[in-house]
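Next come the chains, spelled out residue by residue.
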Amino acid sequence: MSDDHSYVIMDPDFHTIDIDPYKHGGSNITGIRFFDPELEHIQNFITSLNEQVKELSEGKIENAIENNGLRFNLALVYDSVILYTSAIKAMGLEEGAENITCDSDESWTFGSTLINHVRTMELDGLTGMVKFDEEGFRSELEVDILEVMAHGFEKIGSWTTEDGFVESRKIVPPVEQEKSESMKGKHFIVLTALSAPYGMLKESSKKLEGNDRYEGFGIEIIEELAKMNEFNYTFDIQADGVYGSYDSKTGKWNGMMEKIMDGRADFAITDLTITAARQKAVDFTSPFMNLGITILYKKPTKQPPDLFSFISPFSYQVWGYLAGAYVGVSALLFILGRFAPEEWQNPYPCIEEPETLDNQWTLANSFWFTLGSVLTQGSEIAPIAISTRMAGSMWWFFTLIMVSSYTANLAAFLTVESKFYAIKSVSDLANNPYEITYGAKKGGATFSFFKESDNLLYQKMYQYMDAHPELMTPTNDIGLERVKSEKENYAFLMESSSIEYLVERNCDVAQVGGLLDSKGYGIAMKKNSPYRQPMSESILQLQEQGKIARMKDKWWKEKRGGGICADDDEGSGDAQPLVLANVGGVFIVLAAGSGLAAICAFIEMIFDVWLTSHRVKVPFKDELIAELKFIFSFSGDVKPVRHRESTGSGSKESKKEENKEGEDPESRRESENRNEIAPSRHSDRSSHSHHNTHSRRQSNAMQIARSRKYSRQYSNKSQLIPEN
């Protein structure tokens, strides 16, 4: 019921109807009555009748007739009885007819006389003046014309047999009602659609009727607005789910928009988007929800952990700079070590004037020093000069920051699983790198947005959707099913609010990218409707009070399975154990390094055997077998020297023996001392020949041999000089 409806009720008991639900409905309700129940003699009759009924029922019935409950039939019976008894008394009869009915063939002797007498009588009864014409019909009958007003019944005129209808309405200039007063008590038809979560059938084991059958976000908003503006409503469902679009060929709207424009519904609420085209046809309230168009697509798949995820804390560029810094600082230490005088040290301080000085900063040692710092393992090499100490300190500071940064980020890269995003924005979808098909709701506001947009990218997408009508869906639910389907690679364009609702209940889909536009949902009503302002003010008040936000949380995250995917991408807060896939790359590096070390050791052994076999003139195979036998015997950490220069063979050895025989005993002792002291080439190579410590040993041995020789010669000479 609304201002567009008028009703004429011809029930003579119109005044007995409870009109409270219809006082403020806005409809024009007109009726009739034959008497005014507020008149004094009628009220006296009702009071007297109630007292007699109470007495006869011994108090069981207190009010047989309410104050305004006197019905027209009872009043007619009362007037008829009074008229009949008055005619009997006027004719001087002591009693009336006995045992005579209308169906009986017998007649009463005074019957016709009584009828003629009644026609001449006049009586002021409950139903007004009782008077009959020549044909026996009541004459001078007056009927009141009533209308339902906000304060109750109001007499607007009367009708009589002589004058007909005479209007007595008081014309009062209309006064604009403020706020909720313009809607108070009125009844409206509210159109909605079964679209979750805005309008849904209530889940109940009982049979529900009327508005109790529905629930949802939009349903609850209407309930709040009805309480604030004191109006009544009845929900009507848009069966086909069409919200409304303009057909340029027919020049007409369809769906909900058509019903609103035709007056078949007063309001329409659902996920109905406010657009410029719709705004020209109907009025909208202030938006009760703001949103935008975005993409619904499958949730990004988690990629398995990378075996070499320990490299991820630094980018490849940083690793490159780190390697360059390592090489550069190592070369710098090597050069500084050769420049700095303090780095050239006497290997044995017991020799005051050595022939050679040692430097620990060989190229290999320089690289070993910097590598030990990076791996936080240290080194036995310590800088001595100021320049090398300064360079080493700066390198230690550099490695402190780099190692700390690496360690801080390593845990995240080992535990976090990266995701594969087929598309990240609408531009990715338009370019379609993975042959993803996409569409929108047919005839909806989303499709209209792409159609009317002047953006080249959006126009390209509109042309694609227009050329592929099979990708358009009649409802959002069908679009969701196509997105979830494994048979097709499909993305669905729809409003962000609806996507938020679907994502809360479908853990295998997600929103992709940002909003393409900004718009809102509003309540539609007829153009130039007087209810637009009070409804908009009420919606703003609900937003300021936070009620609409609480409603959204309720219907999005709590009701109907909401919230099951809220923590899907969040950790539980507990540390997750690392599996082999997270640290497998470290094992690969260890295995590769160990294998490379074994290969280097084997190559070194083969090369040493080859040198030995050529030096001592023995077969390479025999020497290799002998070396392998010792290696795999695991006989300890002491290795005998099989080939020494002092125990040579052949003519060379015989020549040495002959030379030894020709030498004096003193020369032979010196030669033996040199052979014992001087290490062989084999022994040099087998005990880290590349280390400077061993070069220092060789230099020291030579110094000791020379000093012994000089000391012996000096002692012999002193014995030959005679004493004075």
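Predicted, not measured: the structure shown is a model, and the values here were computed from it.

S.K.: Sorry if this is basic, but what is going on with a nonpolar patch on the surface here?
M.R.: A contiguous nonpolar surface patch, about 230 Å² in accessible area, is contributed by Leu307, Phe308 and Ile588. By secondary structure assignment, the location of Ile588 is in helix H17 (residues 580-615). On the basis of relative accessibility, which here comes to 38%, the residue Ile588 falls in the partly exposed class.

S.K.: How should the state of the cysteines be read in this particular structure?
M.R.: Throughout the structure, instances matching the rule amount to one disulfide. In this model, Cys507 is linked to Cys565 through a disulfide, with the two sulfur atoms separated by 1.8 Å. Where Cys507 bonds to Cys565 through sulfur, the torsion about that S-S bond is close to -90 degrees, and the disulfide is left-handed. You can see Cys507 sitting in the loop between helix H14 (496-505) and strand E24 (509-512) and its partner Cys565 sitting in the loop between helix H16 (547-558) and H17, a full 58 residues away along the chain. Classification of Cys507 as partly exposed rests on a relative accessible area of 30%. Here Cys565 falls in the buried class, since its relative accessible area comes to 10%.

S.K.: Hey, could you run me through the pairing of strand E17 (residues 293-298) in this one?
M.R.: Here is the key point about a regular strand: its side chains alternate between the two faces of the sheet. With respect to burial, E17 is a largely interior element, five of its six residues being buried. Of the pairings in the sheet, the one linking E17 to strand E23 (residues 490-495) comprises four bridges and is antiparallel in character. By the bridge assignment for E23, Ile293 is matched with Glu495. As judged from the four bridges shared by E17 and E24, these two strands associate in the antiparallel manner. Bridging across to E24, Tyr297 finds its partner in Ala510.

S.K.: What exactly am I supposed to notice about the pattern of salt bridges here?
M.R.: Scanning all chains against the criterion turns up 18 salt bridges. Of the charged contacts, one joins Arg71 and Asp13 as a salt bridge, the two residues approaching to 3.3 Å between their closest N and O atoms. Of the two residues, Arg71 is situated in the loop between helix H1 (40-56) and helix H2 (72-91) and Asp13 in the loop between strand E1 (6-9) and strand E2 (28-33); the sequence distance between them amounts to 58 residues. Judged by relative accessible area, Asp13 falls into the buried class, the value being 7%. A salt bridge links Lys519 to Glu495; the nearest nitrogen and oxygen atoms lie 3.8 Å apart.

S.K.: Got a minute to help me understand the side chain of Ser366 in this structure?
M.R.: One can find Ser366 in helix H8 (residues 363-374). Classification of Ser366 by relative accessible area gives buried; the value is 0%. Separated by 3.5 Å, the side chain of Ser366 and the backbone nitrogen of Phe334 make a polar contact. If we ignore the near neighbours within four places in the chain, the residues touching Ser366 are Ser330, Leu333, Phe334 and Trp361.

S.K.: I'm lost on the sheet that holds strand E11 (residues 232-237) in this one. Help?
M.R.: Hydrogen bonds along the backbone pair up the strands of a sheet, which may run parallel or antiparallel. Taken together, the five strands give an open sheet; going across it, the order is E11-E8-E14-E26-E15, and neighbouring strands pair in mixed fashion. Both edges of this open sheet fall to E11 and strand E15 (283-284), since each of them pairs with a single strand only. Bridge count between strand E8 (residues 187-192) and strand E14 (residues 267-268): two bridges; the pairing is parallel. Residue Leu191 lies in a different strand from E14, and its bridge partner there is Ala268.

S.K.: Help me understand the packing of helix H4 (residues 217-229) against helix H15 (residues 532-544), please; the structure alone is not making it clear to me.
M.R.: Each pair of packed helices gets described by two things: the angle between the helix axes and the distance between those axes. Running from N to C, H4 and H15 point in directions that differ by 115 degrees, and their axes come no closer than 10 Å. As far as their axial angle goes, H15 and H4 are roughly perpendicular. Here the hand of the crossing between H4 and H15 comes out right-handed. Between H4, through Glu224, Leu225, Met228 and Asn229, and H15, the contact on the second element is made entirely by Pro534, Met535, Ser538, Ile539, Gln541 and Leu542. Classifying every residue of the contact of H4 with H15 by side-chain character gives six nonpolar, three polar and one charged.

S.K.: Can you walk me through unusual backbone geometry in this structure?
M.R.: Backbone geometry follows two general trends: most residues other than glycine have a negative phi, and most peptide bonds adopt the trans configuration. Note the cis peptide between Ala196 and Pro197, where omega equals 0 degrees. By secondary structure assignment, the location of Pro197 is in the loop between E8 and strand E9 (200-201). Phi at Arg560 is positive, roughly 55 degrees, even though this residue is not glycine. The topology assignment puts Arg560 in the loop between H16 and H17.

S.K.: When you look at the environment of Asp283 in this model, what are you seeing that I'm missing?
M.R.: Inspection of the secondary structure puts Asp283 in strand E15. Separated by 243 residues in sequence, Asp283 and Lys526 have C-alpha atoms that sit 5.9 Å apart. For Asp283, the contacting residues outside a window of four places in its chain are Ile523, Ala524, Met525, Lys526, Lys527, Asn528, Ser529 and Arg532. Among the polar contacts listed, one links the side chain of Asp283 to the side chain of Lys527, at a separation of 3.5 Å.

S.K.: Explain the sheet that holds E24 here, please?
M.R.: Across the sheet, four strands lie side by side as E22-E23-E17-E24; this open sheet has mixed pairing. Each edge of the open sheet is held by one strand with a lone partner, namely strand E22 (437-440) and E24. With strand direction ignored, the average angle separating the axes of adjacent strands in the sheet is 30 degrees. Running at roughly 95 degrees to E23, helix H11 (residues 445-452) makes contact with E17, E22 and E23 of the sheet. The sheet strands contacting helix H13 (residues 476-484) are E17, E23 and E24, and the helix crosses E23 at an angle near 150 degrees.

Definitions and limits used
Residues numbered from 1 in each chain as written. Predicted model: local features only at pLDDT ≥ 70, side-chain atom pairs only at ≥ 80, totals over all residues. Heavy atoms only, no water. Patch = residues over 30% accessible without salt bridge, like charges linked within 9 Å, V, L, I, M, F, W, Y side chains within 5 Å. Areas by Shrake-Rupley, 256 points an atom, 1.4 Å probe, with all protein chains shown as cover. Salt bridge = Lys/Arg side-chain N within 4 Å of Asp/Glu carboxyl O. Helix = DSSP H or I, 4+ residues; strand = E, 2+ residues; numbered from the N terminus. Buried < 20%, exposed > 50% of the residue type's maximum accessible area, 1.4 Å probe, protein only. Disulfide = S-S within 2.5 Å. Pairing = 2+ DSSP bridges. Polar contact = N/O pair within 3.5 Å; in protein donor to acceptor, adjacent residues only side chain to side chain. Contact = heavy atoms within 4.5 Å. Axes fitted to C-alpha atoms, helices over the stretch in contact; angles between N-to-C directions. Parallel < 35°, antiparallel > 145°, perpendicular 65-115°, else oblique. Left-handed = near helix turned anticlockwise from the far one by under 90°. Nonpolar A, V, L, I, M, F, W, Y, C, P; charged D, E, K, R; others polar.

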